[in-house]
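# Commentary on secondary and tertiary structure
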Amino acid sequence: MARSRLTPERESELYEAVLDLLREVGYDGLTMDAVAGRTHSSKATLYRQWGSKPELVAKALRHNKPAGLTEIDTGSLRGDFHAMLERTDDCQMEKDSALMRGLAHAVHENPELHRALRELLIEPEMSEFDEVLRRAVDRGEVSADNPALKLLPHMLFGAFIARPLIEDQPVDRAFLAVYVDAVVLPSLGV
């Protein structure tokens, strides 16, 4: 798909508008008409650039993520995890958590959204995360056959879902720092 007519600034503007609308009305309430209206663009332009609502949403979420995790290499897995936490602030984390909770239901109702999120957001992030873990294995910090390696994404996603449910508290950096040190690293034998 041709993307040449949008400047990076304009693309960022569109993605921010999509995320704002998602927070306001949820996935089901988000329409290409609403995005076009909010961004003063045509629906035809949106479809030409992104093809579908699920693809636009997945790319907006991906755009919102901090730069690649593979750039982080502190020399230790604990250091890498804590460096990842430093890349975001509590306010952004709360907004992201709210977005993900809002999308969780929509994913079950919409296979095209599920596919777009897996391909454009989850799989690229998991492969970056795998690289961080591979370096820990190469350094000898984690055994290559540790079954927790494959369960790490589940543990981390679980923290984001469980804390608001169990404690009625948002996930923040302080909570995640304790969670990483008390749950994640010990499960990996670190």
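Notes on the structure in this doc start here. None of the values given here were measured: they were computed from a predicted structure.

For any two helices packed against each other, one specifies the inter-axial angle together with the distance between the axes. Remark: helix α5 (residues 77-86) packs on helix α7 (residues 111-138), axes separated minimally by 9 Å, with the N-to-C direction vectors making an angle of 155°. In terms of orientation, α5 lies roughly antiparallel with respect to α7. Listed contacts from α7 to Leu77, Asp80, Phe81 and Met84 of α5 are Phe129, Val132, Leu133, Arg135 and Ala136. Broken down by class, the residue content of the contact of α5 with α7 amounts to seven nonpolar, no polar and two charged.

It is worth spelling out empty space enclosed by the protein at this point. On inspection of all chains with the given rule, the structure shows one cavity of 30 Å³ or more. When its volume is computed, the largest cavity comes out at roughly 50 Å³. Residue lining of the largest cavity: Leu61, Asn64, Lys65, Asp96, Leu99 and Met100, and that is the complete set. Here the lining of the largest cavity takes three residues from helix α6 (residues 90-109), the largest share from any one element. Residues that form the lining of the largest cavity fall into these classes: three nonpolar, one polar and two charged.

This part covers α6. The terminal C-alpha atoms of α6 lie 30 Å apart, and with 20 residues this matches the ideal 28 Å at 1.5 Å per residue to within 8%. The largest bend along α6 reaches roughly 30° and is located at Leu103. Along α6, the positions that sit buried rather than exposed are Met93, Asp96, Ser97, Leu99, Leu103, Ala106 and Val107. Residues of α6 that are buried in the fold lie against α1 (8-29), α4 (53-63), α7, α8 (148-167) and α9 (173-187).

Analysis parameters
- Residues numbered from 1 in each chain as written.
- Predicted model: local features only at pLDDT ≥ 70, side-chain atom pairs only at ≥ 80, totals over all residues.
- Heavy atoms only, no water.
- Axes fitted to C-alpha atoms, helices over the stretch in contact; angles between N-to-C directions.
- Helix = DSSP H or I, 4+ residues; strand = E, 2+ residues; numbered from the N terminus.
- Parallel < 35°, antiparallel > 145°, perpendicular 65-115°, else oblique.
- Contact = heavy atoms within 4.5 Å.
- Nonpolar A, V, L, I, M, F, W, Y, C, P; charged D, E, K, R; others polar.
- 1 Å grid on protein atoms, 1.4 Å probe; cavity = no way out; pocket = protein on both sides within 12 Å on 5 of 7 lines; lining within 4 Å.
- Points joined across faces, edges and corners; volume = space filled by probe spheres on them.
- Expected span 1.5 Å × (residues − 1).
- Bend = angle between axes of the 7 residues up to and from the residue.
- Buried < 20%, exposed > 50% of the residue type's maximum accessible area, 1.4 Å probe, protein only.

Spatial relationships are all this shows, so hold off on functional conclusions.
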